[in-house]
Amino acid sequence: MIRIEPDNATLGAKVTGVDLARPLSDADFASVLRALAQYGVLCFPNQPIEAAALRTFSARFGGLQAMSSGVKDRGEPGMPEVSILSNIVENGRPIGIPDAGQDWHTDMTYNRVAGFVNVLVAKKVPSRHGKPLGGTEFANTRAAYNDLPAEVKAKLEGATATHDWNNFHEIMRSKGSTRPALTEAQRPPVPHPVFLTHPISDRKVIYVNPGFTVRINGLEPGESRDMLDLLFAHVLKPKYRYVHRWTVGDVLVWDHISTWHCAVADYTAEEHRLMKRCQVLADKVFDTGFLAAALGERASA
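To keep things clear, this report deals only with the structure shown in the data block. Everything quoted here is computed from the prediction, not taken from an experiment.

1. A short note on the pairing of strand 18 (residues 251-255)
Counting buried residues in strand 18 gives five out of five residues, a clear majority hidden from the surface. Alternating residues of strand 18 divide into Val251, Val253 and Asp255 and Leu252 and Trp254, and every residue in both groups is buried. Note that strand 3 (residues 41-44) and strand 18 share four bridges and pair antiparallel. Among the inter-strand pairings, Phe44 is bridged to a residue of strand 18, identified as Val251. Alignment of strand 8 (residues 115-124) against strand 18, held across five bridges, turns out to be antiparallel. If you follow Leu120 over to strand 18, its bridge partner there is Leu252.

2. Some details on the sheet that holds strand 16 (residues 213-216)
Reading across from one edge, 13-12-16 is the order of the three strands in this open sheet, with antiparallel pairing throughout. Each edge of the open sheet carries a strand with a single partner, namely strand 13 (190-193) and strand 16. Averaged over all pairs of adjacent strands, the angle between their axes in this sheet comes to 35 degrees, without regard to strand direction. Pairing of strand 12 (residues 160-163) with strand 13 involves four bridges; the strand directions are antiparallel. Paired with His163 across the two strands is Val190, which belongs to strand 13.

3. Quick look at the environment of Val190
If you trace the backbone, Val190 turns up in strand 13. The exposure class of Val190 is buried, given its relative accessible area of 4%. Residues Val190 and Arg112 lie 78 residues apart in sequence; the distance between their C-alpha atoms is 6.1 Å. Sequence-distant contacts of Val190, defined by excluding residues within four places in its chain, comprise Thr109, Tyr110, Asn111, Arg112, Ala161, Thr162 and His163.

4. As for the nonpolar core
Core analysis: the biggest nonpolar cluster contains 42 residues, and Leu42, Phe44, Phe61, Phe116 and Val253 have the highest contact counts within it. If you tally residues by element for this core, the top one is helix 1 (residues 26-39), at seven residues. Sequence-distant contacts of Leu42, that is, excluding residues within four places in its chain, are made with Ala13, Val15, Val32, Ala35, Leu36, Val251, Leu252 and Val253. Counting residues in each nonpolar core, the second largest holds 23 residues, with Trp104, Ala139, Ala144 and Ala161 among its members.

5. Topic: the packing of aromatic side chains
Per the stated rule, a full pass over the model turns up nine aromatic pairs. With a centroid separation of 6.4 Å and an interplanar angle of 25 degrees, the aromatic rings of Phe138 and Tyr242 are classed as stacked. Of the two residues, Phe138 sits in strand 11 (residues 136-140) while Tyr242 sits in strand 17 (residues 241-244), which places them 104 residues apart along the sequence. With a centroid separation of 5.0 Å and 70 degrees between ring planes, the pair formed by Tyr145 and Phe195 is classed as edge-to-face. Placement of the pair is Tyr145 in helix 3 (residues 141-146) and Phe195 in strand 14 (residues 195-197), with a sequence separation of 50 residues.

6. Describing the environment of Asp202
By the secondary structure assignment, Asp202 is in the loop between strand 14 and strand 15 (204-206). The exposed category is assigned to Asp202, whose relative accessible area is 60%. Considered as a pair, Asp202 and Ala37 are 165 residues apart in the sequence and their alpha carbons are 9.3 Å apart.

7. Quick notes on the sheet that holds strand 4 (residues 75-76)
In space, the eight strands of this open sheet follow the order 1-2-3-18-8-20-5-4, with mixed pairing throughout. Because the sheet does not close on itself, it has two edges, and the strands there are strand 1 (3-6) and strand 4. In terms of strand pairing, strand 4 meets strand 5 (residues 79-86) through two bridges, oriented antiparallel. Within strand 5, the position partnered with Glu76 by the bridge is Met79. Most of the contacts of helix 1 go to strand 3, to which it runs at about 130 degrees, and overall it touches strand 1, strand 2 (13-16), strand 3, strand 8 and strand 18. Relative to strand 5, helix 2 (residues 51-58) is tilted by about 115 degrees, and along the sheet it contacts strand 3, strand 4, strand 5, strand 8, strand 18 and strand 20 (274-281).

What counts as what
- Residues numbered from 1 in each chain as written.
- Predicted model: local features only at pLDDT ≥ 70, side-chain atom pairs only at ≥ 80, totals over all residues.
- Heavy atoms only, no water.
- Buried < 20%, exposed > 50% of the residue type's maximum accessible area, 1.4 Å probe, protein only.
- Helix = DSSP H or I, 4+ residues; strand = E, 2+ residues; numbered from the N terminus.
- Pairing = 2+ DSSP bridges.
- Axes fitted to C-alpha atoms, helices over the stretch in contact; angles between N-to-C directions.
- Contact = heavy atoms within 4.5 Å.
- Core = buried A, V, L, I, M, F, W, Y, C linked by side-chain atoms within 4.5 Å.
- Phe/Tyr/Trp six-rings, centres within 6.5 Å; stacked < 30°, edge-to-face > 60°.

Put into C-alpha cells, the structure is as follows:
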C-alpha cells in the first residue's frame, strides 16, 4: 500500500509502498499527483530503476522533452528523453552534463509549453567524511505567494513576464561552463503569467524565477528590475527552502509549477555524481480531461 510521509515543514515527502520498476496502478498514480501538488518534492527511496523504467514512469505525467542537439551525446543511448547528469569523464569525454542546474531556476519556463515535473534517479552520490554532497535545494513559490504583501499581489495580478533561455545559459557560462553560446533561433523569449494558478491544488504561485525571467511586461525597465529582485529575494527566504540530500537509489520527483530548484555544486571533479533524468512538459496537466482521468474524478462541464 502506498504511504506518503511529509518530512519537512515547507516542502518534501517520502513515498514508499510502490515499485517504480513496474507501472503504478491508477489509484497510486492519483495519490502521487495529489501529493506532488501538496508537498512539491517527492522522494521514492530505494528505487534504483534503469532508464527504460524511468522513462515509463515519467511519461505518466505528460510529454517528455528530448535532449537538444548540442547535448544528445550526454544521454542514454537510444533514449533521447533520458539525459545523464554527471561530472564523470571516460576516455577523455564527459559521459553526461556536468553543470546542470547549478543556480536558482525553474526548468523550461523558456518554452511556450513549460515544464511540469523533473524525475531523477541517483546512480552515484559523492560524499566526504561520510556526508553526502551534491544536494538539490528547493524553494516553495506557493507559500511565498501566500505571504506577499497585498499591494504587490494587486499590482502584478494579471501581469506577464518574459522568460529567456539565454539568461540562465550565460549565468552558467560566466561560472566557467564550456557550453557554447546560444543562437537567436535557440532562444526565442516567451511570456508567462507572473502569478500562475496550479492546476491540481488550485493555489496561486509566483511563476518568475532568477534563471530565466528577464522582465515584467508593461513596467518600465527600472521598475521591472526592482520588482523581480523583490520577488526573487522573497522566494529565497530561508523559511521557504528545503534541501534534499541524495542517497543512491533515490528517485526524486518535483513540481516545477510550485518550486524553484538549485543543484548544489559542493563536490570536486574526483567526487563522482551520476543522475539520470527525464523532464516532463506541462502539456497535459492543464487539460481538465487528463487531470480528471488521472485523479479519478469527473471533468468539470
